[in-house]
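Here is what each chain is made of, one letter per residue.
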Amino acid sequence: MTGGRTRDLFAVAGMLARGTSRGERRRRRLLVSGAALATFFLLGAANLLLIRGTTQTEWAGLVAEEGLRPGTALALALLVVPVLALLHQVGRVAQAAQERRLAALRLAGATPRDVRLLGVAEALRVGTVGALIGTVGYVAGQQAAMAALGVGDTGRYAIPPWPVPAVMALVVAAAALVSLRVSRHVVVSPLSVARRASRPAPSPYTIIPLALGLPIVVASAFIDAAWNLWLLALGAVLAIVGIAAGAARVILESARLAGRWARTPETLLAARALEADPRAGGRTMAVVALVVFFGTATGVVTWDVVRTGGIFDDPEDRFWLVSLGLTYGALLFALLVAVTALVVHRAEALLESGRSMAALAAAGAPVASLRRSTLRQTLIAATPVCAIGALTALLGMAPGLFLTPDLPMVAWTAGHALFMVALAVAAAAAVTALSNRLLTRAAAPVNLRAE
Amino acid sequence: MATPLVLLALLAEGAKHGYELKREHDERLPGAKPLPYGQVYSTLQRLERDGFVAVAGVVQEGGPERTVYELTPKGTEKLQAWLAETEPPLPYVGGALFARVIMALVAGGDARAALDRQRAAHLERMRELTRAKTASDASAAAVLASDFALLHLDADLRWMELAVRRLADLTEEMNR
Amino acid sequence: MTPLLQARDVSVSFGRTRALRGASLAIGAGEIVAISGPSGSGKSTLLHCLAGILVPDDGEIRYGETRLDELDEDSRTRLRREVFGIVFQFGGLVPELTAVENVAVSLMFGGLGRAEAAAAALDWLGRLGVDDCAPLRPGDLSGGQVQRVAMARALAHGPKVVFADEPTGALDSVAGEEVLGLLLGTARDHGTTVVLVTHDNRIAAYADREIVVRDGAVAASPVVTR
């Protein structure tokens, strides 16, 4: 493609960006915030990795101590994962909506490639704006935080300028990649846009990493060797990747089971809807499950800390209080982002099934039942995935739970795990309940009108 | 209608006698007026005189003797030539309905009511035709004949609606 | 004759658009009635009012002795589920459910157990000649098959009234007439009242009577002199 064409594409993208609807502006704002958050976290991670030396502090050990910084950086980088899931979800909706408008451009002679590139151009724009906001936010936030905390040696902690453009470029590139990935699922013909009718069901092989990871994690507890930590790490990584990759398949199996045993129309509708598209929900549910995974793991650590010393009265252990607090804060944040992604997904799903919902309601299905059905859909998807997340973490982090059962410890850890699952499922269910306004709108008789 | 040509077409299947031809004519073209036997007889004689059909024999099946006719090569040729022609697309205007509706609109008064009455009458006839074609014993020919009539009546109705709309637009324009 | 369905001076507005302005009609039990009129005349809105899907801004809707416009949403929903059946132009089937499940789910909402509902659904698919489509999803069916499944769904619970909104609009002539013939044949066998909304004169001719809607009101039935 020539430079002139590229310039034209950007001009067209700009024109399209100006004339947009309210929904589209809202989506764009979400995309920009997502890109900004990703930039923020990645800058934080890069920043941490670049600090040298250890300062003795009472509670800021996660930043001040040399040995802990990589872990903190990894945690910050991991926070990008839920943000990416959100970006992907919003991107899917935005792309579909935009390409629906772009069908007209196809009639005017644009090739599918042009249309796709227009999507990328839009993603680059949004990604750049988001990255800029994120950078400004990070730098300003860091200065403000250091001033507030009375940090003297600001030059030592402040992020040096050189990694900033690299992180920004990374975020913008990721935005473009997500846009390209997302547009694979939408086919634009000059006359209409249709979501690809049937995508293949997630393969059962996507469960393999999880199936491998779990035994390795368990086995590492029984091996008394120097390398058992490496084994544990390998198992944990496999399990995490496995949860992310296998969530859709787990949801599919869960939906099939629920569909087979459904005795009420609500459950049947819920199970079949999930079965038809387990991937969309799987992506966000995987993030929720990862939150449960890390949350459960944190619970095990919390037990160890609580048992070995009073974290509330001993100033030496203020470090733990702050660190665990931050961890829970991060988990809550991840959960919130995942839940936002879930909202977007629900809105999209309801928009797409508007006519059949309205037809069902017209034929006498109570709207309350349809609401129950969407709630069940969330439960069928969230429960097994979150349970697997919790179980994996328990098996990996608390071999003592099984080797040397100790009642208070078992009660705390298992209780904490259950609490995490319940919290995650409840959060997902709450989102579903909140999105019911959309459902009522989708089931309105207006949607019965033929176009 | 081109009765001689229809008879030639019916003879294309094989030799037939006059009564058989009349029966088949009425069966295959249920929408058309039944063919009087006398007309079959006189038409066949004319066709024979012109060399399009020839007498193939005489049969007697319990009743009177009947002359059986068959196509001659010249008759086959004539039939093929007819089938190859197209029917001139008739404009169908100038019918009684057209005149009545136009005059109702021209003469003023309650043209709408007149059109509604016409619509009701048309629809009543369409219901009869629909009943005839959906009857369990309706032959394929009867269904085709009903469809033919139904589509023409439908065209009348749609034209009437269109006429009213065009006229309403025109009146609006004049009143502006 | 006490009419089974009655509308009196029904008005409905959507924002500034007045879809119906004082429409009145009466339909007897067992009648098969076509509501016709040009597009935008308000005939679909009238159907939605009669079927208790929409509550009119003004006027009365009666089913027997029941005032639909005075019922709450729950009672109207129950009425629609138990006494009415509805067919739309585009089937309105749930895309994720198989044909048999689409019919069964409606019966399950009516309180039938899953196994009974599935058996009854299969029976109705058979009566409409689409039992071989039972395990397929709407996306794998032809337009005519989708409409037959939708009709099975509308008929399976033994409704007193079936409302059909342009049920043949998405089909070609032959398939449309076939499907409509099936619906009306079944309705006649069971003495079911049918209210058929259509803009197609030839479809309207399938009904016993035509009600013309024009500019949001029912046109007076003319006295025909021949």
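Our subject is the structure listed above.
The model shown is predicted, which means the values in this text are computed figures rather than measured ones. (Residues numbered from 1 in each chain as written. Chains lettered and ligands numbered in written order. Predicted model: local features only at pLDDT ≥ 70, side-chain atom pairs only at ≥ 80, totals over all residues. Heavy atoms only, no water.)

### Focus on the interface of chain B and chain C
Moving on, step 1. With 20 residues of chain B in contact, the opposing surface of chain C contributes 18 residues.
Moving on, step 2. Summed over both sides, the interface of chain B with chain C buries roughly 1600 Å², with 54% coming from carbon and sulfur.
Moving on, step 3. Our count for the chain B to chain C interface comes out at four salt bridges.
Moving on, step 4. Our count for the contact surface shared by chain B and chain C stands at six residue pairs in polar contact (both at pLDDT 80 or more).
Moving on, step 5. Residues that form the side of chain B that touches chain C fall into these classes: seven nonpolar, two polar and 11 charged. (Contact = heavy atoms within 4.5 Å. Buried area = accessible area lost by both parts, 1.4 Å probe. Salt bridge = Lys/Arg side-chain N within 4 Å of Asp/Glu carboxyl O. Polar contact = N/O pair within 3.5 Å; in protein donor to acceptor, adjacent residues only side chain to side chain. Nonpolar A, V, L, I, M, F, W, Y, C, P; charged D, E, K, R; others polar.)

### Re a nonpolar patch on the surface
Residue and element names in this part refer to chain A.
Moving on, step 1. Together, Leu 74, Leu 78 and Val 81 give the surface a local cluster of nonpolar side chains, amounting to about 230 Å² of exposed area.
Moving on, step 2. Residue position: Leu 78 is located in helix α4 (residues 69–78).
Moving on, step 3. Judged by its relative accessible area of 34%, Leu 78 falls in the partly exposed class. (Patch = residues over 30% accessible without salt bridge, like charges linked within 9 Å, V, L, I, M, F, W, Y side chains within 5 Å. Areas by Shrake-Rupley, 256 points an atom, 1.4 Å probe, with all protein chains shown as cover. Helix = DSSP H or I, 4+ residues; strand = E, 2+ residues; numbered from the N terminus. Buried < 20%, exposed > 50% of the residue type's maximum accessible area, 1.4 Å probe, protein only.)

### Considerations on the nonpolar core
Moving on, step 1. If you look at the biggest cluster of nonpolar residues, it comprises 72 residues, and the most contacted ones within it are A:Met285, A:Val292 and A:Cys386.
Moving on, step 2. Residue contributions to this core peak at 10 residues, all from helix α12 (residues 278–308) of chain A.
Moving on, step 3. Counting only domains with at least three residues in this core, you end up with domain 1 (3–195) and domain 2 (204–448) of chain A.
Moving on, step 4. C:Leu107, C:Phe109, C:Ala150 and C:Leu171 belong to the second largest nonpolar core, which has 71 residues in total. (Core = buried A, V, L, I, M, F, W, Y, C linked by side-chain atoms within 4.5 Å. Domains from an automatic or database assignment.)

### Let's talk about unusual backbone geometry
All names here are of chain C.
Moving on, step 1. Phi at Glu 166 is positive, roughly 45 degrees, even though this residue is not glycine.
Moving on, step 2. One can find Glu 166 in the loop between β7 (161–165) and α6 (173–190).
Moving on, step 3. Residues other than glycine seldom take positive phi values, yet Asp 215 does so here, at roughly 50 degrees.

### Here's the deal with the sheet that holds strand β1 (residues 16–17) of chain B
Residues and elements named next belong to chain B.
Moving on, step 1. Taken together, three strands build an open sheet; the order of strands is β1-β3-β2 and the sheet is antiparallel. The open sheet terminates on both sides in strands that have one partner only, identified here as β1 and β2 (53–60).
Moving on, step 2. As paired strands, β2 and strand β3 (residues 65–71) are joined by seven bridges and run antiparallel to one another. Within the sheet, the bridge partner assigned to Val 58 lies in β3 and is Thr 67. (Pairing = 2+ DSSP bridges.)

### Digging into the pattern of salt bridges
Moving on, step 1. With the rule as written, the count across this model stands at 33 salt bridges over all chains.
Moving on, step 2. C:Glu60 is the partner of C:Arg8 in a salt bridge, and the nearest nitrogen-oxygen pair spans 3.7 Å. Of this pair, C:Arg8 sits in strand β1 (residues 5–14) while C:Glu60 sits in strand β4 (residues 58–63), and the two are 52 residues apart along the sequence.
Moving on, step 3. When the shortest N-O distance is used, the salt bridge between C:Arg67 and C:Glu70 registers 3.2 Å.
Moving on, step 4. With relative accessibility at 59%, the residue C:Glu70 sits in the exposed group.
Moving on, step 5. In the salt-bridge network here, residues are joined through shared partners; they are B:Lys133, B:Asp147, B:Asp154, B:Arg158, C:Glu177 and C:Arg202.

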